[in-house]
Amino acid sequence: MIRVVIGRRDSYINMFRVSGHAEYDDYGKDIICSAMSMLAINTVNSLQFIADETFDIEQDEDEGLISAAFDHKPNEKAEVLLAAFELGVQGVIDQYGNEFVSLVYETSE
């Protein structure tokens, strides 16, 4: 199962972490893993190149891990991109069910 953690501080998203594998189909044919990877990678790239944001990133292809964490409030462009990521994750869950992807929210202070 793919586990998505979205962290919030006050009213904004300050981190996300995607880890695991959906095991929906064989490696290379798993459309859920592909969708989630694309969402996460595109969000990280967009945060860097469109929103011009700085953040901590962690990734491990073998573990199916990618995460981004901010030590500050993201700018407006980044907030929109993070909201779009959240919407995309929820869309995958709505389409394929929560037996393949789980979404958990964490709150930090």
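Relevant structure appears above.
It should be emphasised that the depicted structure is a prediction, and the values quoted were computed from it without experimental measurement. (Residues numbered from 1 in each chain as written. Predicted model: local features only at pLDDT ≥ 70, side-chain atom pairs only at ≥ 80, totals over all residues. Heavy atoms only, no water.)

Caption draft 1: Summary view of the overall build of the chain. The helix and strand inventory of the chain stands at 2 helices and 5 strands. In the chain, the succession of α and β elements from N to C terminus is β-β-α-β-β-α-β. Relative to the globule expectation of 13 Å for 109 residues, the C-alpha radius of gyration of the chain, 13 Å, shows essentially globular dimensions. The buried share among the 109 residues of the chain stands at 39%. If you take every contact in the chain between residues at least 6 apart in sequence, the share linking residues at least 24 apart comes to 61%. As displayed, the chain offers around 6,700 Å² of accessible surface, 48% of which is attributable to carbon and sulfur atoms. Positive and negative side-chain charges of the chain, numbering 7 and 21 respectively, have mean locations separated by a distance of 5 Å. (Helix = DSSP H or I, 4+ residues; strand = E, 2+ residues; numbered from the N terminus. Rg over C-alpha atoms; globule rule 2.2 N^0.38 Å. Buried < 20%, exposed > 50% of the residue type's maximum accessible area, 1.4 Å probe, protein only. Contact = heavy atoms within 4.5 Å. Areas by Shrake-Rupley, 256 points an atom, 1.4 Å probe, with all protein chains shown as cover. Lys, Arg positive; Asp, Glu negative; His and termini not counted. Charge placed at Lys NZ, Arg CZ, Asp CG, Glu CD.)

Caption draft 2: How the structure looks around the packing of aromatic side chains. Within this structure, the stated rule accounts for 4 aromatic pairs. The interplanar angle of 80 degrees and the centroid separation of 5.1 Å between the aromatic rings of Tyr24 and Phe100 together place this pair among those described as edge-to-face. Taken together, the positions of Tyr24 in the loop between strand S2 (12–20) and helix H1 (31–49) and Phe100 in the loop between helix H2 (76–96) and strand S5 (101–108) put the pair 76 residues apart, joining distant regions of the chain. On the basis of relative accessible area, Phe100 is assigned to the buried category, the value being 15%. Among the aromatic side chains, those forming a connected cluster through ring pairs are Tyr24, Tyr96 and Phe100. (Phe/Tyr/Trp six-rings, centres within 6.5 Å; stacked < 30°, edge-to-face > 60°.)

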